[in-house]
Amino acid sequence: MPTPFPSEEWVAKYKDAINASADYKVAGKDWTYGVIALICKAKPPVLEKDIGIWLDLEKGVCRDARIVTPEEANKAPFCITGEYDRWKAVIKAELEPIKGMMQGKLKLKGNLPTIVRFVKAAQELVKATNSIDAKFLDE
Amino acid sequence: MGYNSDLNFIYYSPTKILYGMGIVKDIAVELSALGCSKALLVTDKDLSKNTDLTRRVREYLGDKCVGVYDEAVPDSGLHIVNKGAEIGRDLGADSIVSLGGGSAIDTAKGIAILLKEGGKISDYEGFQMLSRKQTPHIAIPTTCGTGSEVTYVAVIKDWDNHRKLLFGDYNIIPDVAILDPELLRSLPAKLVAATGMDALTHAIEAITSPQKEPIADALGLHAIRLVKQNIVEATLVSDIQKKGMLLLASNIAGIAFSNAQVGLAHAIAHTIGARYGIHHGLANSIVLPHVMRFNNEVVFEEQAMIAEALGIKASVSDKELGLLASDAVLKLAESCNLPKRLRDVKVPENELMECAEIALTDGAIVYNGRAVSDPEEILSVLKAAY
């Protein structure tokens, strides 16, 4: 059964998908730069308020993933913010996140060169979203 | 060369560009057109002390200049930006005029953020974080390479932690760029050549980037023509007209790479520039022909177009044309009397592998025309350039 995005259930499945990815384990093995948070902007009536997703990543493992407030998400060393439709495009592999940041489709708070050094890991994180059968609330 | 059916891009270049001999005199008019009357002039000590440019621009601004901040230096620091903003705030500045090379313009971009948003510049590290237009900014380049007057990125260094911070945002692109060839009159020949080759690198890497797109291609190709036709004579002190053409090439290539990005030559130049203090344009100039040879396997169609823009006419395959383009770039650097090899600029041979490993972690690597994932690949380029 498809899992609504964004939701606690989707985030839990995402954590499992990251940890099940052998490719991410390799690509992210040197990541020691802390939490990456995502903020999905509200899109009423589909999504009434902004939602944060907290990904505690360390050396190729996702230690924790949970829904947080946007305020909390903003405290992470890296925080990527996007409209609901942008995240949908990322999950559907229609938008490459680093290109999205360069073009202003996604906003990054944090050091871009650090993210870019782990471009392969970033790609694997996106791939992991593809393994979840997501239900988009506006479809 | 065709484009894939999945071509999609955003092209953005909002800067008003003024070009002409003596056009800097219009600065006060341009400032008024932006609705401003209290400009902080941001520049560097070298221009202030060793040229009359700062004094002249200040004069042209008249009572619209509330003060001069001339602390910008190469690899400008966070503290320099923070201090500039503090001074600007104290003076009640409502706009920035930057005068100088990339460092002065980048410093001004940082000050523009703080005058609008407050806080410290490190609070704004990131990409596309700002949600509104920043303090009005008129940029006046005095070198012909960086193109910073039209780009959306500022690089500011954290001197304490030896880290470069990137600030990329459409909201920090300068509102106006004033390109006055007259201001390049005293630019030393070597700097004209090195910054001109920097502009050429921007153009070539934009055209071969995986984020290439037709508008940036068109701009990049014309920038290449302008560099090819003018760089050698522009190094002759008296030829202001040629320097002007290089200034335009730099500007046009700046728009191209701000939209399409740069690649491996820049990743290497950032690395050896930081480690050995080699001028950025010179570093690009040395490695570019070798990067082009390396990339030719993949981007030969693009490099064949570059060959044409470089004036090469030969009935050979695109692959061969791509290689001829790389030879032509090497020859151009030679004609400008620039060093050709890494050994000439004292890069230690036994540190090439270390350089390759660092270059692999540079952001520009993502946008190289040929995907790079192994330091050995970069090492092969460095060895060829040695």
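Small disclaimer: the values here were computed from a predicted structure and weren't measured.

It is worth spelling out the overall build of chain A at this point. Counting its secondary structure elements, chain A contains seven helices and seven strands. Mapped in sequence order, the helices and strands of chain A form the string β-α-α-β-β-β-α-β-α-α-β-α-α-β. The C-alpha radius of gyration of chain A comes to 14 Å, within 12% of the 14 Å expected for a compact globule of 139 residues. If you line up chain A on its principal axes, its C-alpha atoms span 40 × 30 × 25 Å. Considering chain A as a whole, with its 139 residues, one finds that 44% of them fall into the buried category. Counting only contacts in chain A whose residues sit at least 6 apart along the sequence, the fraction spanning at least 24 positions is 65%.

This brings us to the confidence of the model for chain B. For chain B, per-residue confidence averages 95 on the pLDDT scale, and 99% of positions sit at 70 or higher. Prediction confidence for the complex, expressed as pTM and ipTM, is 0.90 and 0.76 respectively.

Residue and element names in this part refer to chain B. For helix H10 (residues 280-309), spanning 30 residues, the distance from its first C-alpha to its last is only 24 Å, which falls clearly below the expected 44 Å at 1.5 Å a residue. Remark: the principal bend of H10, roughly 110°, maps to Val299. Most of H10 sits out of view: 26 of its 30 residues are buried. The positive-phi residue at the C-terminal boundary of H10 is Gly311, with phi of around 85°.

For the rest of this paragraph, the subject is the interface of chain A and chain B. Listed as interface residues are 16 residues of chain A and, on the opposing side, 15 residues of chain B. At the level of secondary structure, the elements contributing two or more residues to the side of chain A that touches chain B comprise helix H5 (97-102), strand S6 (106-109) and helix H6 (112-117) of chain A. Of the residues assigned to the side of chain A that touches chain B, the class counts are eight nonpolar, four polar and four charged. Strand direction decides the pairing type here: S6(A) and strand S5 (residues 126-127) of chain B, joined by two bridges, are antiparallel. Across the sheet, the residue bridging to A:Lys109 is B:Gly126, located in S5(B).

To continue, consider the sheet that holds strand S4 (residues 61-68) of chain A. The strand order S4(A)-S3(A)-S2(A)-S5(A)-S6(A)-S5(B)-S8(B)-S7(B) describes an open sheet built from eight strands, whose pairing is mixed. Two strands bound the open sheet, and with one partner strand each, they are S4 of chain A together with strand S7 (153-158) of chain B. Sitting on the sheet, helix H1 (residues 8-20) of chain A is in contact with strand S3 (51-58) and S4 of chain A, with an inclination near 170° to S4(A).

The next point concerns the packing of helix H6 (residues 189-208) of chain B against helix H8 (residues 240-260) of chain B. Residues and elements named next belong to chain B. The N-to-C vectors of H6 and H8 enclose an angle of 35°; their axes lie 8 Å apart at closest approach. The two elements H6 and H8 meet at a crossing, and its hand is left-handed. In this structure, H6 contributes Val192, Thr195, Gly196, Ala199, His202, Ala203, Glu205 and Ala206 to the contact, and H8 contributes Lys243, Leu246, Ala249, Ser250, Ala253, Gly254, Ala256, Phe257 and Ala260. In terms of residue class, the contact of H6 with H8 is built from 10 nonpolar, five polar and two charged.

Another aspect to go through is the nonpolar core. Membership of the largest hydrophobic core comes to 173 residues, with the highest contact counts inside it found for A:Ala37, B:Ala223, B:Leu246, B:Ala256 and B:Ile268. Looking at this core element by element, the count peaks at 15 residues for H10(B). With residues near it in sequence (within four places) discarded, A:Ala37 still touches A:Gly52, A:Ile53, A:Trp54, A:Leu55, A:Ala73, A:Ala76, A:Phe78 and A:Cys79.

Moving on: the packing of H10(B) against helix H11 (residues 318-335) of chain B. Residue and element names in this part refer to chain B. Running from N to C, H10 and H11 point in directions that differ by 145°, and their axes come no closer than 7 Å. H11 is crossed by H10, and the crossing has right-handed handedness. Counting all contacts with H10, which are made through Ser285, Leu288, Pro289, Met292, Arg293, Asn296, Phe300, Glu301, Gln303, Ala304, Ile306 and Ala307, the residues of H11 involved are Asp318, Lys319, Leu321, Gly322, Leu323, Leu324, Ala325, Ser326, Ala328, Val329, Leu330 and Ala333. Class assignment of the residues belonging to the contact of H10 with H11 gives a composition of 15 nonpolar, five polar and four charged.

Let's shift gears to the pairing of strand S5 (residues 78-82) of chain A. All names here are of chain A. Judged by how many residues are buried, S5 sits mostly within the fold: five of five residues are covered. Covered by surrounding structure in S5 are Phe78, Ile80 and Gly82 together with Cys79 and Thr81, the residues of both alternating faces. As paired elements, strand S2 (residues 36-40) and S5 share five bridges and run parallel to each other. Bridging across to S5, Leu38 finds its partner in Ile80. Bridge analysis of S5 against S6 gives four bridges, and the strand direction is antiparallel. Residue pairing for S6: Ile80 is matched across the bridge by Leu108.

Residues and elements named next belong to chain B. One open sheet accounts for six strands, arranged S1-S9-S6-S4-S2-S3; its pairing is parallel. Of all the strands in the sheet, just strand S1 (16-19) and strand S3 (65-72) have a single pairing partner and so form its edges. Sheet twist, expressed as the mean angle between neighbouring strand axes with direction ignored, is 20°. Where S1 and strand S9 (residues 176-179) come together, four bridges link them in parallel fashion.

All names here are of chain B. Residue placement: Ala154 occurs in strand S7. Among the residues examined, Ala154 registers 27 C-beta atoms within 10 Å and is labelled buried. For the pair Ala154 and Asp106, spaced 48 residues apart in sequence, the C-alpha separation works out to 4.7 Å. Not counting residues within four places of it along the chain, the set of residues in contact with Ala154 comprises Asp106, Lys109, Gly110, Phe167 and Ile172.

All names here are of chain A. Among the secondary structure elements, Thr69 is positioned in the loop between S4 and helix H3 (70-73). Looking at Thr69, the number of C-beta atoms within 10 Å reads 14, which means it is partly exposed. For the pair formed by Thr69 and Ala37, sequence separation is 32 residues and the distance between their alpha carbons is 10 Å.

What counts and what doesn't
Residues numbered from 1 in each chain as written. Chains lettered and ligands numbered in written order. Predicted model: local features only at pLDDT ≥ 70, side-chain atom pairs only at ≥ 80, totals over all residues. Helix = DSSP H or I, 4+ residues; strand = E, 2+ residues; numbered from the N terminus. Rg over C-alpha atoms; globule rule 2.2 N^0.38 Å. Buried ≥ 20, exposed ≤ 12 C-beta atoms within 10 Å, placed from the backbone. Contact = placed C-beta atoms within 7 Å. pLDDT = per-residue confidence, 0-100. Expected span 1.5 Å × (residues − 1). Bend = angle between axes of the 7 residues up to and from the residue. Nonpolar A, V, L, I, M, F, W, Y, C, P; charged D, E, K, R; others polar. Pairing = 2+ DSSP bridges. Axes fitted to C-alpha atoms, helices over the stretch in contact; angles between N-to-C directions. Left-handed = near helix turned anticlockwise from the far one by under 90°. Core = buried A, V, L, I, M, F, W, Y, C linked by C-beta atoms within 7 Å.

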